[in-house]
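Structural features, examined
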Amino acid sequence: MEINEQSIIEVSKKIKRCEEEISKGIIGQKDTIRNVLIAIFAEGNVLLEGMPGMGKTQLVKTIGKVLDLNFSRIQFTPDLMPADVVGTNIVVKENDNTVFKFEKGPVFTNLLLADEINRATPKTQSALLEAMGEKTVTVGKTTYEMPKPFMVLATQNPIEQEGTYPLPEAQLDRFLFKLNVEFPTLDELKEIMDLTLTNKSLELTNVLKGNEIVELRDIIKEIKIAELVKEYALKLILATHPELENGADIAKRYVEAGAGPRAAQGIIAGAKVRAVMEGRLNVSFEDIKELAYPVLRHRIILNFDAITEGLNEEAIISKILEDLKVV
């Protein structure tokens, strides 16, 4: 598909309108809204980490309205079973015959909110892996296609860890971004009170349809990335590996395991969306740097030394970016 500056400007305007409309329903959280939109157009899933009551559920509902997407919510609990997520075969009568019929679960939607995902057992968490990675669900011998577009937005509480099951690395790797939902400022809290504790009604306008999102994705994939920029992104991923010769010094000292190939795919796909949102025809080094944090913060595993010295993933990523040469 041939793209030009005018087509990119049109796509940029449409995404900007989505961003502005979503901001009407979500006070503050500008970076979170922007990054979730990047993930949607990059065909990725998002892990939202933040305190309860930060508007994570409201964010997903608002996105569903603005983008005219079907929305499902699953409250993950320790007794939730895989069939409660993907669905199950039920016995029905057809023409005096008893047959099995597959009853689809809540995962068959456009936007799936997996609320407090780390409260379910690993067996139930794994029920999402195929849907998140391959956009299909296999039950028995039958494979079902997910609706297009499909995206999982999962939430977890960063503080309350009692009775939780940490997400395994294989599942974390299927999230394009991990976003930290920051606590609102005083002015933002005032706006939230005005919006939620009064009789004000919120009218949201539908900006895009599901089929339009798929079309825009195809245009965005055609965005060019220079070899130097691509190489910079790949060197960034390799720098997180302590066992590699070109691993960063700080990774060799404080990282147990680095990011995998999905991180490379994710950072380039996300950078293309960011470039379009900025109205550009090509990916820049700045796009890669900006997306390094949400792409890598859940994909690098710190060792004991980092934990004892009070270092976090953000500090490691910052140092790697600081030391990594652009050319």
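Above this text is the structure in question.
If you're wondering where the values come from, they're calculated on a predicted model, not measured in any experiment. (Residues numbered from 1 in each chain as written. Predicted model: local features only at pLDDT ≥ 70, side-chain atom pairs only at ≥ 80, totals over all residues. Heavy atoms only, no water.)

Below, the discussion takes up the packing of helix H1 (residues 5-25) against helix H2 (residues 30-41). Where H1 contacts H2, the axes come no closer than 10 Å and their chain directions differ by 135 degrees. In terms of their interaxial angle, H1 and H2 are classed as oblique. As H1 runs across H2, the sense of the crossing is right-handed. Counted together, Ile15, Cys18, Glu19, Ile22 and Ser23 of H1 and Lys30, Ile33, Arg34, Leu37 and Phe41 of H2 form the full contact between these two elements. Here the residues of the contact of H1 with H2 sort into six nonpolar, one polar and three charged. (Axes fitted to C-alpha atoms, helices over the stretch in contact; angles between N-to-C directions. Helix = DSSP H or I, 4+ residues; strand = E, 2+ residues; numbered from the N terminus. Parallel < 35°, antiparallel > 145°, perpendicular 65-115°, else oblique. Left-handed = near helix turned anticlockwise from the far one by under 90°. Contact = heavy atoms within 4.5 Å. Nonpolar A, V, L, I, M, F, W, Y, C, P; charged D, E, K, R; others polar.)

Tallying each qualifying case throughout the model produces four aromatic pairs. Between phenylalanine 108 and tyrosine 144 the ring centres are 6.2 Å apart and the planes differ by 90 degrees, which places this aromatic pair in the edge-to-face class. Of the two residues, phenylalanine 108 sits in the loop between strand E4 (97-104) and strand E5 (111-115) while tyrosine 144 sits in strand E7 (residues 142-145), which places them 36 residues apart along the sequence. Ring centres of tyrosine 232 and phenylalanine 285 lie 5.4 Å apart, and the angle between their planes is 90 degrees; on these two criteria the pair is classed as edge-to-face. In this pair, tyrosine 232 sits in helix H10 (residues 227-238) while phenylalanine 285 sits in helix H13 (residues 285-296), placing the two residues 53 residues apart along the sequence. (Phe/Tyr/Trp six-rings, centres within 6.5 Å; stacked < 30°, edge-to-face > 60°.)

The interhelical angle for the contact between H10 and H13, taken along N-to-C directions, is 25 degrees, at an axis separation of 10 Å. One element, H10, and the other, H13, form an angle in the roughly parallel class. In the packing of H10 onto H13, the handedness of the crossing is right-handed. Across the interface between the two elements, Leu228, Val229, Tyr232, Ala233, Leu236 and Ile237 from H10 touch Phe285, Ile288, Lys289, Ala292 and Leu296 from H13. Considered class by class, the residues forming the contact of H10 with H13 number ten nonpolar, no polar and one charged.

Moving on: helix H3 (residues 56-66). Within the sequence span of H3, burial applies to Lys56, Leu59, Val60, Thr62, Ile63, Gly64 and Val66. On its buried side, H3 packs onto H1, H2, strand E1 (46-49), strand E2 (71-75), E5 and strand E8 (151-156). Note on H3: the residue one or two positions beyond its end, aspartate 68, has a positive phi of about 55 degrees. (Buried < 20%, exposed > 50% of the residue type's maximum accessible area, 1.4 Å probe, protein only.)

So, on to the sheet that holds E8. Read from one edge of the open sheet, five strands run E2-E5-E8-E1-E9, paired in parallel fashion. Of all strands in the sheet, those with a lone pairing partner are E2 and strand E9 (177-180), marking the two edges. Neighbour-to-neighbour, the strand axes of this sheet turn through a mean angle of 20 degrees, independent of strand direction. Bridge count between E5 and E8: four bridges; the pairing is parallel. Looking at E8, one finds that leucine 113 is bridged to leucine 153. Along the sheet, H3 makes contact with E1, E2, E5 and E8, crossing E5 at roughly 175 degrees. (Pairing = 2+ DSSP bridges.)

Quick look at the environment of aspartate 84 now. Examined against the element boundaries, aspartate 84 turns out to sit in helix H4 (residues 82-86). For aspartate 84, a relative accessible area of 38% translates into the label partly exposed. Linking aspartate 84 and methionine 151, residues 67 residues apart in sequence, is a C-alpha distance of 18 Å. When sequence neighbours within four positions are dropped, the list of residues in contact with aspartate 84 reads Asp79 and Pro106.

Moving on: the pairing of E7. Sheet analysis places strand E6 (residues 136-139) next to E7, joined by four bridges and oriented antiparallel. Looking at E7, one finds that valine 137 is bridged to tyrosine 144. The antiparallel hairpin formed by E6 and E7 contains two residues in its connecting segment, where glycine 140 sits at a positive phi of about 65 degrees.

One can find glutamine 171 in helix H7 (residues 169-172). Look at glutamine 171 and you get buried, because its relative accessible area is 1%.

This part takes up the pairing of E4. Relative to E4, strand E3 (residues 87-94) runs antiparallel, the two being bridged by eight bridges. Bridged to glutamate 94 within E4 is asparagine 97. Between the end of E3 and the start of E4, which pair antiparallel, lie two residues, with asparagine 95 showing a positive phi angle near 55 degrees.

With omega at -5 degrees, the peptide bond leading from lysine 148 into proline 149 counts as cis. By the secondary structure assignment, proline 149 is in the loop between E7 and E8. At glutamate 116, a residue that is not glycine, the phi angle is positive and equals roughly 50 degrees. Inspection of the secondary structure puts glutamate 116 in the loop between E5 and helix H5 (122-125). According to the relative accessible area criterion, glutamate 116 is partly exposed, its value standing at 23%.

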